[in-house]
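Letter by letter, the chains look like this.
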Amino acid sequence: MSSPLSDPRQRIAFFQQWFSDTIPHSKALGLKIIAVRRGFGSMQLDWREELVGNPETGVLAGGPLTALMDSCCGMSVATMLTEPKPFATLDLRIDYVRPATPGKAVIAEAECYRVTHSVAFTRAFAHHGDAKDPIAAAAGTFMLGTKGEVTRPQTIGTEVKP
Amino acid sequence: MSSLANPLMARLAEVRKSGDVAKIAEAIPYARWMRIAPENGTGELLTRMRYHDELVGNTFLPAIHGGTLGAMLEMAAIFHLLWETDTETVPKIVNITVDYLRSARPVDVIACAKVTKQGRRMVNVYAEAWQDDRAKPVATANAHFLIKSDDAPPSL
């Protein structure tokens, strides 16, 4: 029997619900899920004046990009879980390759490339639409089986098809 | 370009006269939105992120979003560089590595920063964030900033 999550549009709606709309900070940033499949997630952050770090240039602060990368890497982990497991970011490295262009939306693309019993490994890039011209690169690891309740997204790895 | 042409550096010059460090944050839209500001009431420059509901990343625990902890550690490093060093430009972040040590509860987060190594163009900064108990940090970070470079892109 095919899972409802085998449909890409339903999958995006489902992840939008769980990884942005019900996470207060992601909702405050207005994170939009634009693609999700097994081992991969992509999110968009729209430019807003409130997110600017340098008032002279209008360039986004590092913080919103950090939150975007953390969220996107975390979402890619969820697509890989085959049993319910709460998880949490263990560490996150961000390289700021070049400043984001003021006014432009930032797209993050994260890959979860390895899951072990206790740790999931991810990497991500952020760009303005051309993945070959990155704004930032990230590497994040996530601890699996941390304390807390298991939520619906942490049970769906097997339902998400490539 | 004169460094005072930047509103943030102009603000810093004013703040140095008045001594009210919290005003540095007022020139940064993101710091205002996140309610992140420096304070030096204890004689040590600390950075505080005031708790508000939009910081939450996990409503079940509940816990503050990891991205906001990375963001406030980065701001703590920037405020430290602006206030404690004689940088004449807004420090440009090159990279940051954040270690998450404990889940952060829905209360204020405080951070301190220190320069691990200062070079002519590059500084390495360490920052640490805690909540009620300074001996139990919730997250730490190491970051590199360009402090004097014409070849670097303007970012904060």
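Reading the values: the criteria
- Residues numbered from 1 in each chain as written.
- Chains lettered and ligands numbered in written order.
- Predicted model: local features only at pLDDT ≥ 70, side-chain atom pairs only at ≥ 80, totals over all residues.
- Helix = DSSP H or I, 4+ residues; strand = E, 2+ residues; numbered from the N terminus.
- Rg over C-alpha atoms; globule rule 2.2 N^0.38 Å.
- Buried ≥ 20, exposed ≤ 12 C-beta atoms within 10 Å, placed from the backbone.
- Contact = placed C-beta atoms within 7 Å.
- Nonpolar A, V, L, I, M, F, W, Y, C, P; charged D, E, K, R; others polar.
- Pairing = 2+ DSSP bridges.
- Axes fitted to C-alpha atoms, helices over the stretch in contact; angles between N-to-C directions.
- Parallel < 35°, antiparallel > 145°, perpendicular 65-115°, else oblique.
- Left-handed = near helix turned anticlockwise from the far one by under 90°.

Q: Honestly, the overall build of chain B in this entry has me stumped. Any pointers?
A: Counting its regular elements, chain B contains three helices and eight strands. Beginning at the N terminus, the succession of helices and strands in chain B can be written as α-α-β-β-β-β-α-β-β-β-β. By the compact-globule yardstick of 15 Å for 156 residues, chain B fits well, its C-alpha radius of gyration being 15 Å. Each principal axis of the C-alpha atoms in chain B carries an extent, and together these give about 50 × 30 × 25 Å. Residue burial in chain B is summarised as follows: out of 156 residues, 43% are buried.

Q: What is the right way to look at the interface of chain A and chain B in this model?
A: Tallying the contact residues gives 37 residues for chain A and 40 residues for chain B. Contributing elements (two or more residues each) for the side of chain A that touches chain B: helix H2 (24-29), strand E3 (52-54), helix H3 (62-78) and strand E5 (87-96) of chain A. Looking at the side of chain A that touches chain B element by element, the count peaks at nine residues for E5(A). Residues of the side of chain A that touches chain B, tallied by class, amount to 16 nonpolar, 12 polar and nine charged. Pairing of E5(A) with strand E5 (residues 92-100) of chain B involves five bridges; the strand directions are antiparallel. Considered in E5(B), the bridge of Leu92(A) is made with Val98(B).

Q: What is the right way to look at unusual backbone geometry in this model?
A: With glycine set apart, most residues show a phi of negative sign, and most peptide bonds adopt trans. Residue and element names in this part refer to chain B. Geometrically, the link from Leu 61 to Pro 62 is a cis peptide bond, its omega value of -10° lying close to zero. By the secondary structure assignment, Pro 62 is in the loop between strand E3 (56-58) and strand E4 (63-64). The phi dihedral of Arg 35 is positive, around 60°, even though this residue is not glycine. Overall, the presence of 16 C-beta atoms within 10 Å leaves Arg 35 in the partly exposed class.

Q: I would appreciate a short explanation of the environment of Leu45(A) in the present structure.
A: All names here are of chain A. Inspection of the secondary structure assignment puts Leu 45 in strand E2 (residues 40-45). Residues Leu 45 and Gly 140 lie 95 residues apart in sequence; the distance between their C-alpha atoms is 19 Å. Ignoring sequence-local partners within four residues, the contact set of Leu 45 consists of Leu 29, Leu 31, Pro 64, Leu 68, Ala 105 and Val 106.

Q: I keep staring at the packing of H3(A) against helix H3 (residues 66-84) of chain B and nothing clicks. Help me out?
A: To describe two helices that pack against each other, one gives the angle between their axes and the distance between the axes. Where H3(A) contacts H3(B), the axes come no closer than 8 Å and their chain directions differ by 150°. Classified by the interaxial angle, the pair formed by H3(A) and H3(B) is roughly antiparallel. The chirality of how H3(A) crosses H3(B) is right-handed. Here Gly62(A), Gly63(A), Thr66(A), Ala67(A), Asp70(A) and Ser71(A) of H3(A) come into contact with H3(B), specifically with Gly66(B), Gly67(B), Thr68(B), Gly70(B), Ala71(B), Glu74(B) and Met75(B). Its residues assigned to classes, the contact of H3(A) with H3(B) shows three nonpolar, eight polar and two charged.

Q: Mind showing me how you'd approach the sheet that holds E5(A) here?
A: Pairing between the strands of a sheet comes from backbone hydrogen bonds, and it takes one of two forms, parallel or antiparallel. Strand order in the open sheet made by the 12 strands is E1(A)-E2(A)-E6(A)-E7(A)-E8(A)-E5(A)-E5(B)-E8(B)-E7(B)-E6(B)-E2(B)-E1(B), with antiparallel pairing throughout. Of all strands in the sheet, those bounded by a partner on one side alone are strand E1 (32-37) of chain A together with strand E1 (36-39) of chain B. With strand direction ignored, the average angle separating the axes of adjacent strands in the sheet is 20°. Where E5(A) lies against strand E8 (residues 136-144) of chain A, nine bridges are found, and the strand directions are antiparallel. Across the sheet, Tyr96(A) pairs through a bridge with Ala136(A), a residue of E8(A). In the packing of H3(A) onto the sheet, the strands contacted are E1, E2, E5, strand E6 (106-115), strand E7 (119-127) and E8 of chain A together with E5 of chain B, and the crossing angle to E6(A) comes to about 40°.

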